[in-house]
Amino acid sequence: MTMTERPGRSKSNDTVCCGQSAADRPAHRPGPDEPESAQERINRRWNEILQETRVAQTGVQILFGFLLSVAFTPVFKELETLDRVIYVATVMLGASATASLIAPVSIHRLLSGHRMKDEVVQTAGRLMMCGMVLLALTIGCTLLLILRFVVPGVLAEVLVGAVMLWFGLCWYVLPLRLRHRSARPSPTDHA
C-alpha cells in the first residue's frame, strides 16, 4: 500500500459489482463508538502530521529567511562579539529547525511505496517535536538579539526568559497536562 492509498483497499479487489471501482466508493470512517483500524489510525496520524508540518514549515522558513538577511544590513557590522555569537547560534538553530521540520517531506518521498508508513509516521512525529524545540529556541535567540538593542540592561534577558517560559507552558506543559487528564478514568466510567 502506498502512503496515499485509502485503508481497506486491496490491489486484488479494485472493482466491485456493477463496474464501480473501489476508488469511487466513499472511504469508511469509524463513528464515535467504533474503533478505528490500525491502518486508519496510521493514515489519520500521517494526515495530521502533514497539516502540522505545513504550519510549522511556513513559520520557520520566514524566520530563517529574516535571520539570513540580517547579516547583510549595515547595523550588522556594529554588533558586539556577544551579539555576533547570539546571531550565529540563532542561525544555526534556525537551520536545524528548518531541517527537522522539512525532513518528513523528504522521508515520505524516499520511502513512499515501501510499506513503511508506520515507521515514517513515528519518525516524522519525532522530527516534528525536535523541530518545534529548535524553533522555540530560535525564536528565543532572535528575541534576545533584538531586545538587546531595544531594552537596556538585564531586562532583555528577563523578557526573553518570560517568553520562553510561556512557550514551554503553551507548547509542552499544557498538552502534557491534557494528556494526563484524559488518561485518568472519569467518575462516570466507574458507574
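As a reminder, the structure under discussion sits directly above these lines.
Below: a short report on this structure.

## Points about the overall build of the protein
- For the protein, the helix and strand inventory stands at four helices and zero strands.
- Each helix (α) and strand (β) of the protein, taken in turn from the N terminus, gives the series α-α-α-α.
- The buried share among the 191 residues of the protein stands at 28%.
- In the protein, once contacts between residues fewer than 6 apart in sequence are set aside, the share between residues at least 24 apart is 68%.
- Surface accessibility of the protein: about 12700 Å² in total, with carbon and sulfur atoms responsible for 65%.

## Focus: the nonpolar core
- One finds W46, I49 and Y87 to be the most contacted residues of the largest nonpolar core, which totals 31 residues.
- Among the secondary structure elements, those contributing two or more residues to this core are α1 (38-70), α2 (81-111), α3 (117-150) and α4 (155-183).
- No other element matches the 10 residues that α3 contributes to this core.
- In contact with W46, other than residues within four places in its own chain, are P104, H108, K117, V120, V121 and A124.

## Here we look at the environment of V160
- Tracing the sequence through the fold places V160 in helix α4.
- When its relative accessible area of 8% is taken as the criterion, V160 is described as buried.
- Spatially, the C-alpha atoms of V160 and C141 are 8.2 Å apart, while their sequence positions differ by 19 residues.

## Some points on a nonpolar patch on the surface
- On the surface, F66, V75, I146, F149 and V150 cluster together into a nonpolar patch covering about 470 Å² of accessible area.
- Considering each element in turn, the nonpolar patch owes the most residues, three residues, to α3.
- Its place among the elements puts F149 in helix α3.

## A word on the pattern of salt bridges
- A complete count under the given rule lists four salt bridges for this structure.
- Taking the shortest distance from any N to any O, the salt bridge between E48 and R44 comes out at 3.1 Å. Here R44 and E48 lie together in helix α1, a separation of four residues that amounts to about one turn.
- According to the relative accessible area criterion, E48 is partly exposed, its value standing at 36%.
- A salt bridge links R148 to E157, with the nearest nitrogen and oxygen atoms 3.5 Å apart.
- Given a relative accessible area of 27%, R148 falls into the partly exposed group.

About the thresholds
Residues numbered from 1 in each chain as written. Predicted model: local features only at pLDDT ≥ 70, side-chain atom pairs only at ≥ 80, totals over all residues. Heavy atoms only, no water. Helix = DSSP H or I, 4+ residues; strand = E, 2+ residues; numbered from the N terminus. Buried < 20%, exposed > 50% of the residue type's maximum accessible area, 1.4 Å probe, protein only. Contact = heavy atoms within 4.5 Å. Areas by Shrake-Rupley, 256 points an atom, 1.4 Å probe, with all protein chains shown as cover. Core = buried A, V, L, I, M, F, W, Y, C linked by side-chain atoms within 4.5 Å. Patch = residues over 30% accessible without salt bridge, like charges linked within 9 Å, V, L, I, M, F, W, Y side chains within 5 Å. Salt bridge = Lys/Arg side-chain N within 4 Å of Asp/Glu carboxyl O.

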